[in-house]
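# Structural overview for review
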Amino acid sequence: MTDEELSQQAQAGQESAVNQLLTKYKPLVNQIARSYFLTGGEMEDIVQEGMIGLFKAIMHYNGKSASFKTFASTCIKHQIQSAVRVASSEKNKILSSALPIIDLVNTEEEEDKSEIVFPSDLPSPDERLLEKERIMEIVENIRKTLSKLELKVLSLYLKGFSYNEISKQSGLSKKSVDNALTRIKNKLAFLKCC
């Protein structure tokens, strides 16, 4: 039987025809799915979306415009692209950045699990650790790059002291403070690329 005939049988309600086409075209779904990335999802999610597209192709193929394979390929791509678009949209941000809070309530008969989800824009523990390591690396590079005097001037400047106050605390003239800050900015230009 051709794919077109199997599609007609599937539309008539024959489950075996549906299963035959799903099995036959699963490698095509896998091949197409490898070309896409789903935010917050895994490859299996993309394949599942492709299988939904394949099922829609089986159920809606009319044989007029193209071969079944071409029609199925188009339906699979559209379904995956639609899923990728939805996953990337802002309206799902609250779901993909939510933190679950599990509240376990014991009842007499069985343990009842209810889940409450609060949205969170907070970085994950992994992201916080990586950021902390990155900051420590930057601080170490600054310490290696600047002289002791430049480190002192930078420290006072970052604390919000004016040129006059830095001058008094460091024993330098205002012009020397200005020159030191210029040298610091030039030496630390590498931070802009990081």
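Reference entry: report on the structure contained in this document. Since we're looking at a predicted model, the values are computed, not measured. (Residues numbered from 1 in each chain as written. Predicted model: local features only at pLDDT ≥ 70, side-chain atom pairs only at ≥ 80, totals over all residues. Heavy atoms only, no water.)

## As for the overall build of the protein chain
Helix and strand counts for the protein chain stand at 9 helices and 2 strands. For the protein chain, the residues scored as buried account for 25% of the 194 residues in total. In the protein chain, 46% of the contacts between residues at least 6 apart in sequence involve partners at least 24 apart. Of the roughly 13800 Å² that the protein chain leaves accessible, carbon and sulfur atoms contribute 54%. (Helix = DSSP H or I, 4+ residues; strand = E, 2+ residues; numbered from the N terminus. Buried < 20%, exposed > 50% of the residue type's maximum accessible area, 1.4 Å probe, protein only. Contact = heavy atoms within 4.5 Å. Areas by Shrake-Rupley, 256 points an atom, 1.4 Å probe, with all protein chains shown as cover.)

## A closer look at helix 8 (residues 163-170)
Since one α-helical turn is 3.6 residues long, residues separated by three or four positions face the same way. I166, S167 and S170 are the residues of helix 8 that are buried. All buried residues of helix 8 lie within an arc of 100° about the axis, which places them on one face of the element. Of the residues trailing helix 8, G171 is marked for its positive phi of about 75°. (Arc of directions from axis to C-beta.)

## Some words on the nonpolar core
Residues L54, I58, F68, I76 and I80 are the most contacted members of the largest nonpolar core, which totals 26 residues. Of all elements in the fold, only helix 1 (3-11), helix 2 (15-33), helix 3 (43-60) and helix 4 (68-88) reach the threshold of two or more residues within this core. When residues of this core are assigned to their parent elements, the largest contribution, 9 residues, is made by helix 2. Each residue touching I80, except ones within four places of it in the same chain, is listed here: I32, A33, Y36, I46, E49 and G50. Residues L172, A180, I184 and L188 belong to the second largest nonpolar core, which totals 12 residues. (Core = buried A, V, L, I, M, F, W, Y, C linked by side-chain atoms within 4.5 Å.)

## A few points about the packing of helix 2 against helix 4
Taken N-terminus to C-terminus, the directions of helix 2 and helix 4 make an angle of 50°; their axes are 10 Å apart at the nearest point. Relative to helix 4, the element helix 2 lies oblique. In terms of crossing hand, the pair formed by helix 2 and helix 4 is right-handed. For the pair formed by helix 2 and helix 4, the contact residues are L21, Y25, L28, V29, I32 and A33 on the first element and F68, K69, S73, I76, K77 and I80 on the second. Counted by class, the contact of helix 2 with helix 4 contains 9 nonpolar, 1 polar and 2 charged residues. (Axes fitted to C-alpha atoms, helices over the stretch in contact; angles between N-to-C directions. Parallel < 35°, antiparallel > 145°, perpendicular 65-115°, else oblique. Left-handed = near helix turned anticlockwise from the far one by under 90°. Nonpolar A, V, L, I, M, F, W, Y, C, P; charged D, E, K, R; others polar.)

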